There are 2 protein chains.
Amino acid sequence: MNIPDSVNPRVVIIGGGFGGLSLFNQLKNKAFQVVLIDKHNYHNFQPLMYQVATSGLEASSITYPIRKVMQDRKEAYFRMAMVEKIDTENKKVVTDVGTIYYDYVVIATGSENNFFGNAEVEKNSLVMKSIPQALKVRSILLESFELALQTNDVEKQKTLLNFVIVGGGPTGVELAGALAEMKKAVFPKDYPDLDVINLMQINLIQGADRVLDAMSEKSSEAAEKYLHNLGVVVHKNVRVTNYDGEMVETHDGQKFYSKSVIWSAGVKGNTVDGLAETVDRASRIKVNPHNQVEGFSDVFAIGDVAAMYGEKYQYGHPMMAQPAIQQGKLLAENLERLEQNKALKAFKYKDKGSMATIGRNKAVVDLPKSHFHGVFAWFIWMFIHLISLIGFKNKAIVLWSWIYNYFVFDRESRVIFRPYRTPNRE
Amino acid sequence: MNIPDSVNPRVVIIGGGFGGLSLFNQLKNKAFQVVLIDKHNYHNFQPLMYQVATSGLEASSITYPIRKVMQDRKEAYFRMAMVEKIDTENKKVVTDVGTIYYDYVVIATGSENNFFGNAEVEKNSLVMKSIPQALKVRSILLESFELALQTNDVEKQKTLLNFVIVGGGPTGVELAGALAEMKKAVFPKDYPDLDVINLMQINLIQGADRVLDAMSEKSSEAAEKYLHNLGVVVHKNVRVTNYDGEMVETHDGQKFYSKSVIWSAGVKGNTVDGLAETVDRASRIKVNPHNQVEGFSDVFAIGDVAAMYGEKYQYGHPMMAQPAIQQGKLLAENLERLEQNKALKAFKYKDKGSMATIGRNKAVVDLPKSHFHGVFAWFIWMFIHLISLIGFKNKAIVLWSWIYNYFVFDRESRVIFRPYRTPNRE
């Protein structure tokens, strides 16, 4: 890996997401050599990925080059690599570009989609966990309309224009809202020769008895009302059992004919080989309150991939940005304490609330002590997402894109960048 | 193709580039049904493609959805399709999504890279004619630095970081300048553990005896001085004879070891099957002064793909935006004249000049009656490119990106979007 030796202990961070970058930033001016490994050369802002998929934002406005984060740091290294395994016995991380020894290793590899073992659904569904995946969703979405123009068979057209979103969490709900806005404002103008209003359907399939089931009941109710008004059909208490690329089947015998199924029904920890014994049922790595992986003092996990069981969080913290950021921050302090032989501090999650937007002017916000929805919630949603983006340029371009999209009722990134007629599942 | 019949004659335009869109726009409010066919659903602004490749601009800020151009037009249709051939006998265009009959057909398919029959060079070189190609150049460029970090072998590092640009026309010169600016401002900060200044080389290989040989000698001279000051090594009177993916060979026995060769040494017409007899040596379709393809009154070619031989333009007009735009404009008028049985107007190219920028604060401009270079030329270059972009949003985002890049000395789109470790040539 070509990392020089140092008098300072080496911290290897695997993953440049919210957790990894938070830890990296907090280690500034501390006596560590830091090596960050990621298979991408950029950090991406996952909460806005669905807007890339629906042509509202350009991919690079929600990404930030990791090397730019490194520029003013001493003893900080980035390597673009794929981690193959952690060898805890020899204290080394094995990657596809070589091996690196660590004093401390931090697993911040986030989460991946959970298909609960259904390989057929996995093979045929679209996902939005990475930038290339979101761009593919965008291309397939737009290609569906182009293909629908090529037939007079209404059933075929309906199958092409039936967008089935599996999973009614924030990602599914926000995606459904964004698609519904396009159905109102963009597609009828772009495809005057298609009866968009009647042909295009948005079906949201949710396993629980309400959407946004991790939020308050008030917020779920408001979100469902918003979705209904936008023409999204919400199916609650329904689980998808199969999807062959043409037809979605559910546990209660319903059938949805669709060429585009987007899966957002669940995530699981994106673990690393070498720690099998410590992984729980959700593929998360079990850690103690100091984020130390069970049985180790020098191996840590933070963020989505870490399962820190506690009183209030029986199966670990919610898999979202805030726990990752907060754990990264505390871990920087604890690593210093370890070096100084001080007692470690226990992590205590400060729940700052959660929120989701459902189209134009509409959002739901849960704060620890209050819930609200509507236009003000929507402004709060935008403000929080804007200030959370890394980089002044990204903030400015996202803000400008939102203002433009709002007033012009448009989505100008509706461009199909993948090569002509790539088969849908490639 | 599902295009309804019309009482008005049907004009089928193949290609949504500068020529095709110019014609399309000028046909507004004229008594024609217009069908535009392109294999992309967007128009792209080719002159700034090299800035996408060098991380200065995001792809979607130089593209514009074709359907948006159509929105306020009656009797205008867009079909995303690949044209297979033109059947002039039966007056139809055959595509991969069906056949369409025409009253008039206009070939505006532009140009493609010309490798002058060298298949080995074609296989191993990078090009920048389309958005996916430009994004690939960007990825490979950035990956080269990541890979150079993985070795201590200086020769290997030099091969990875030797960027060879073949062709000293505007594209090659502007690309060389942009790379040189990154070498100065971005890469040393991003890769402090690499000796970027000594390892990274930019070689520009030009077959003619000066760069920008279609411009004035004064401009060539200034451009060469700028390139020299930026550290670009210009090789004149040198022709590339082979490139196997590792080593470039030239006609005079020079060897350049490089993993990244970008080909901008020539273009040829991107013809359509069915008109073989009318194609000249540069694969351009021979047309009369009314842009009618030789031997036809209802088949036209405009822009790069059209060869209109004339006194001043012995082998046809220069393959750039202006002739295409002007021909499109005149053709709209001539189509109407044809319908009215009026005499057709002959095309007369109004040369508005040409220009190229070579990095920060520097450009060369040739106007019909004067030549100048320097900071003022650079402002002119930016102004002309900005106003030529389609769409207010694109203009705003490009302007903002330029201002930001200028003052922050940065290129924030240096993100590798293609999947991890895609082999270089895929």
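A quick note: this is a predicted structure, and the numbers were derived from the prediction, not measured. (Residues numbered from 1 in each chain as written. Chains lettered and ligands numbered in written order. Predicted model: local features only at pLDDT ≥ 70, side-chain atom pairs only at ≥ 80, totals over all residues. Heavy atoms only, no water.)

Comments concerning the overall build of chain A
Rules: Here a strand is any run of E in DSSP of at least two residues, a helix any run of H or I of at least four, and the numbering for each starts at the N terminus. The globule rule is 2.2 Å times the number of residues to the power 0.38, and the radius of gyration it is compared with is taken over C-alpha atoms. The classification of residues rests on relative accessible area computed with a 1.4 Å probe and restricted to protein chains. Under 20% of the type maximum is buried, over 50% is exposed, and intermediate values are partly exposed. All accessible areas in this document rest on Shrake-Rupley with a 1.4 Å probe, and a residue is counted as covered only by the protein chains that are shown.
In terms of regular secondary structure, chain A is built from 13 helices and 24 strands. Radius of gyration (C-alpha) of chain A: 22 Å, near the 22 Å computed for a compact globule of 426 residues. Dimensions of chain A along its principal axes, counting C-alpha atoms only, are 70 × 45 × 40 Å. Every one of the 426 residues in chain A was classed for burial, and the buried ones make up 59%. Only carbon and sulfur atoms are counted for the fraction: they give 51% of the accessible area of chain A, which is about 17,500 Å².

With respect to the sheet that holds strand β8 (residues 98-101) of chain A
All names here are of chain A. Heads up, the rule is: Strand pairing is defined by DSSP finding a minimum of two bridges between the two strands. Throughout, an axis means a line fitted to C-alpha atoms (over the contacting stretch in the case of helices), and angles, computed between N-to-C directions, take values from 0 to 180 degrees.
Overall, antiparallel pairing links the 3 strands, which are arranged β6-β7-β8 in an open sheet. Every other strand in the sheet has two partners, leaving β6 (83-87) and β8 as the edge strands with one partner each. Here the average twist between neighbouring strands, direction ignored, is 20°. Both β6 and strand β7 (residues 92-95) contribute to a ladder of 4 bridges, which runs antiparallel. The residue bridging Val-83 from the neighbouring strand is Thr-95, located in β7.

Some points on helix α10 (residues 217-229) of chain A
Residues and elements named next belong to chain A. Quick reminder of the rule: The length a helix should cover is 1.5 Å for every residue beyond the first. Two residues qualify as a contact provided that any one of their heavy atoms is within 4.5 Å of a heavy atom in the partner residue.
Its 13 residues give α10 an end-to-end C-alpha distance of 18 Å, which sits within 8% of 18 Å, the value for a rise of 1.5 Å per residue. Residues of α10 that are buried sit in contact with α7 (170-185), β12 (201-205), β13 (233-235), β23 (363-367) and β24 (370-373). Just downstream of α10 lies Gly-231, where phi reads positive at about 90°.

Considerations on the packing of helix α13 (residues 392-408) of chain A against helix α13 (residues 392-408) of chain B
Basically, it comes down to this: Here is the rule for angles: anything less than 35 degrees is roughly parallel, anything more than 145 is roughly antiparallel, 65 through 115 is roughly perpendicular, and the remaining ranges are oblique. Here a crossing is called left-handed whenever its near helix is offset anticlockwise from the far helix by less than a right angle, and right-handed whenever the offset is clockwise. Residue polarity follows a fixed list, in which Ala, Val, Leu, Ile, Met, Phe, Trp, Tyr, Cys and Pro are nonpolar, Asp, Glu, Lys and Arg are charged, and the others, Gly among them, are polar.
With their axes 11 Å apart at the nearest point, α13(A) and α13(B) run at an angle of 165° to one another. Between α13(A) and α13(B), the crossing angle belongs to the class labelled roughly antiparallel. At the point where α13(A) passes α13(B), the crossing takes the right-handed sense. In this structure, α13(A) contributes A:Phe392, A:Lys393, A:Ala396, A:Ile397, A:Trp400, A:Ser401, A:Tyr404 and A:Asn405 to the contact, and α13(B) contributes B:Phe392, B:Lys393, B:Ala396, B:Ile397, B:Trp400, B:Ser401, B:Tyr404 and B:Asn405. Residues that form the contact of α13(A) with α13(B) fall into these classes: 10 nonpolar, 4 polar and 2 charged.

Here's the deal with the UniProt feature "domain: FAD/NAD(P)-binding" (unreviewed entry) in chain A
To keep it simple, the criterion reads: UniProt positions are given in the numbering used here, feature names are shortened, and annotations may be inferred rather than shown by experiment.
Taking the UniProt record as the reference, the feature "domain: FAD/NAD(P)-binding" (unreviewed entry) is found at residues 10-328 of chain A. In residues 10-328 of chain A, helix accounts for 30% and strand for 25%; the two terminal C-alpha atoms are 16 Å from one another.

Focus: the sheet that holds strand β8 (residues 98-101) of chain B
All names here are of chain B. What the 3 strands build is an open sheet, ordered β6-β7-β8; its pairing is antiparallel. The outermost strands of the open sheet, each flanked by one partner alone, are β6 (83-87) and β8. The mean inter-strand angle of the sheet, taken between neighbouring strand axes irrespective of direction, is 20°.

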